[in-house]
Each structure stands twice: as C-alpha cells, then as structure tokens.
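# Commentary on secondary and tertiary structure
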Amino acid sequence: YALSSQRRPSLDTSGGFVDLVEGKLSTDEVQRIEFAGGGGGFTLVNGDEGWIVENHFGAPANLNKIRTLLGNLESFTGELRSDEAGVLASYALDDSSAYRLTIDDRVDLLIGKQAGSGCFVRMGNSDRVYVTDHNFLSDFGLWGDERKAAEVSSWVDLLAFQVTREDVTRVVIEGEETVTLDRELIVSEEAEEEAEESEVPAASVGDNYEWRINSDFIGSRSKGDAILSSLVSVRARDVLARGENPEGSGLDDPDRVTVTVDAAEDLVLLFGGPIEEMTGQVWFRVEGQDLVWAVPEYVKNNLFKTADELRAE
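Residues numbered from 1 in each chain as written. Predicted model: local features only at pLDDT ≥ 70, side-chain atom pairs only at ≥ 80, totals over all residues. Heavy atoms only, no water.

### Notes on the pairing of strand E18 (residues 255–261)
Working note: regular strand, side chains alternate between the two faces of the sheet. Along E18, 5 of the 7 residues are buried, which leaves the element largely enclosed by surrounding structure. As defined by bridge partners, strand E12 (residues 168–174) adjoins E18 across 6 bridges and the pair is classed as antiparallel. The partner of Arg170 across the bridge, within E18, is Thr260. Two strands pair when backbone bridges link them, and E18 and strand E19 (residues 265–274) are joined in this way by 7 bridges, in the antiparallel orientation. Residue Arg256 lies in a different strand from E19, and its bridge partner there is Leu270. Hairpin connection between E18 and E19: a loop of 3 residues separates the two successive antiparallel strands, and Asp262 in this loop has a positive phi of roughly 55°. (Buried < 20%, exposed > 50% of the residue type's maximum accessible area, 1.4 Å probe, protein only. Helix = DSSP H or I, 4+ residues; strand = E, 2+ residues; numbered from the N terminus. Pairing = 2+ DSSP bridges.)

### Concerning the nonpolar core
Core analysis: the largest hydrophobic core is formed by 73 residues, its most contacted members being Ile33, Leu73, Leu231, Phe271 and Phe284. With residues near it in sequence (within four places) discarded, Leu231 still touches Phe161, Val163, Val171, Val257, Val259, Leu269 and Leu303. (Core = buried A, V, L, I, M, F, W, Y, C linked by side-chain atoms within 4.5 Å. Contact = heavy atoms within 4.5 Å.)

### A look at the pattern of salt bridges
Summed over the entire model, instances satisfying the criterion amount to 14 salt bridges. Across the pair Asp182 and Arg170 runs a salt bridge whose closest N-O atoms are separated by 2.5 Å. Taken together, the positions of Asp182 in strand E13 (residues 178–185) and Arg170 in strand E12 put the pair 12 residues apart, joining distant regions of the chain. You can call Asp182 buried: its relative accessible area is 12%. Among the salt bridges present, the one from Lys300 reaches Asp255, with a minimum N-O distance of 3.2 Å. Linking Lys300 in helix H7 (residues 297–303) with Asp255 in strand E18, this pair joins segments that are 45 residues apart in sequence. On the basis of relative accessibility, which here comes to 25%, the residue Asp255 falls in the partly exposed class. Within the structure, one salt-bridge network assembled from shared partners comprises Arg32, Glu34 and Glu54. (Salt bridge = Lys/Arg side-chain N within 4 Å of Asp/Glu carboxyl O.)

### Things to note about the sheet that holds strand E21 (residues 291–296)
Across the sheet, which stays open at both edges, the 9 strands sit in the order E15-E14-E13-E12-E18-E19-E20-E21-E17 with antiparallel pairing between neighbours. Strands with a single pairing partner mark the edges of an open sheet, and in this sheet they are strand E15 (217–218) and strand E17 (238–242). Where strand E14 (residues 209–213) meets E15, 2 bridges bridge the pair, whose relative direction is antiparallel. When the sheet's bridge partners are listed, Arg212 is paired in E15 with Ile218. Here helix H6 (residues 221–232) sits on the sheet and contacts E12, E13, E14, E18 and E19; the angle it forms with E14, its principal contact strand, is near 90°. (Axes fitted to C-alpha atoms, helices over the stretch in contact; angles between N-to-C directions.)

### Things to note about H6
With 12 residues, H6 should reach 16 Å at 1.5 Å per residue; the first-to-last C-alpha distance of 16 Å fits that figure. Buried within H6 we find Gly224, Asp225, Ile227, Leu228, Ser230, Leu231 and Val232. (Expected span 1.5 Å × (residues − 1).)

### A short note on the sheet that holds strand E8 (residues 107–115)
Pairing is antiparallel in the open sheet, where 10 strands are placed in the order E1-E6-E10-E9-E8-E7-E2-E3-E4-E5. Among the strands making up the open sheet, the edge pair consists of strand E1 (17–19) and strand E5 (59–60). Relative to strand E4 (residues 50–53), strand E3 (residues 40–47) runs antiparallel, the two being bridged by 4 bridges. From the neighbouring strand, Val45 faces E4, where its bridge partner is Ile52. In this fold helix H3 (residues 63–75) packs onto strand E2 (32–37), E3, E4, strand E6 (77–82), strand E7 (99–103) and E8, with an angle of close to 95° to the strand it touches most, E7.

### Comments concerning the environment of Asp253
Along the polypeptide, Asp253 turns up in the loop between E17 and E18. Distance in space between the C-alpha atoms of Asp253 and Leu270 is 8.9 Å, their sequence separation being 17 residues.

### Quick notes on the side chain of Asp238
Among the secondary structure elements, Asp238 is positioned in strand E17. Despite being buried, Asp238 has no salt bridge partner; Arg237 is the closest side chain of opposite charge, sitting 6.8 Å away. Here His56 takes part through its side chain, which lies 2.9 Å from a polar atom of the side chain of Asp238. If sequence neighbours within four positions are ignored, Asp238 has contacts with His56, Ser153, Leu158, Val292, Trp293 and Ala294. (Lys, Arg positive; Asp, Glu negative; His and termini not counted. Polar contact = N/O pair within 3.5 Å; in protein donor to acceptor, adjacent residues only side chain to side chain.)

Limitation: the analysis is restricted to geometry and does not speak to function.
Listed below in structure tokens is the structure:
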C-alpha cells in the first residue's frame, strides 16, 4: 500500500481536477492585469489613486469587476484534456487564436473556446489543455466562437458624477433659458418660534421641503425631484477623451447645470451636443475635471426644463 501510494500519479496527469492558480489574489496587492486577443486588449493598473484603465484615457477602473475576476481565478479548477501541441488550434488555444490574461508574474492564462459552462485553457508555459469549471470568456463579455476584441468600456467605472441628494440646496439650469430651483425648508410657525427661543435651527431640510423656481413661485415637488434624481448620479456609456474638448463636441460652449452643495460648494456639469458615432449619447464633462464622457441623451433631456414646465399642475 505504501509503495502504491508513493507511485500514484498527480491529479493533472490522471484526469482529475487541479487548481491552476495558487494563493490569494488581492486588489490591494495585485499591480497589473493585462488582457489581449481578438485584435485588441487593455491594461488595468493599480496606481497611486486606485485602479485605472491605463490605455483608455486613464479612466477609473471598475473595482467590483476586478475583484470578481480575481475571485474566479482563485477558485477555479481544470481537468486535463490534452498535452499535445499539435491540437492546440482545435481548442482555439494556439498563440494566434487564444486570449491571454496575465496578472503580474503570478498568472499567465490562455483562454480558448467555451466548453459547456466552462472553457478550455492552458498556462503560458505549457501545452497542457484543461477544461475549467468557469467560463472566463464571459468575464470579458465574449460569447460564441467569434474571436473578437473585448469591450474595454465594460471595465471602466462609468459613474461620471455623483453627489449626495440631501446635500443639494440649489440647481441652476442654463439651456434655452436660465432656471433656478431653490430647495426651501418648510417650517411651521410653532417650530420657528421654538427655534428662536432655543437659538437652534428649526430642522434640517430632510424630506420637508419645496422647490422655489426663479425666486418667483413654488414649483411642482415631483418635477423638481425628478431633476434632482437625474443629476445626483450620472452614469456614462464610456470615456471618450481626457484633457482638451474634442472637436465638434460642443463642450466649448456647453449647456450648463450648476449644483450647489450644502449652500457653499458649486459643481458644474457641462453638456455638449450629440455624439455622431454613438446614437442616443451626448458629450459630457464635469468642469475642472479631465475626463470627457458619453452620457445618455435622456439625462440631458430630463434636466433641461423651462420654468413653465416646472409649475405645479
């Protein structure tokens, strides 16, 4: 029994499942992730300000997707299918067909065809083909047998602008006309008297407020809130540039939305014209920031209202 146990072959030659990546992969410790194939590719870098897509305008990377990918690599196993170099092409694992995923000096994984719920893979220094229990093609938005390039935009953190809803006290819209929405606290006479006696503000805005339009009239609460909902979290389709405004973007003479936060800080959103090659998208940037984004046109349409459109019905 002892002799037979010593002579037992390792799992990867006997056809069992083996772990193909050793140890833990942490977003804090990993420094560089590269993915190439299908005529394209991208590089994710862990820099001083967090994860970025290095070759896509230095856009912020989607940290949740990176964590998911690293977690899948930590836990996936493979079962041996072949160790013959001559058949690599049939698995789409020859150098000209395979996708290549490298992570620092710890992972060098070539990814071939899908196989059921998994896919065929091999390590960069080996001809051994394994079928995995996880489909790494799906992590990169790749399906079917066509070996196309992965979309880098899916690895970008597409949150172009965000502000805390409760902190917004004023919104100024400068489009066809200038419209100012002031969020005013509704305080009862009794609360005002108590506040004067105690020298303590009656209350925070909370949910007890109304929208005053152009210092003139009280507008529709629901319509004012709809504008607030559209601007507190602006999600983009992609990052299109860094630094200079692209020619023809309209960002040199944009429509503007100024958001006042805590009655002190102004944040300015700049909206340009339609993007010709991206139907339903418009140019966008935050004043003072480098990145230029593509955001859905409906975001702009939801924000730019006239004063009359904000009247209560």
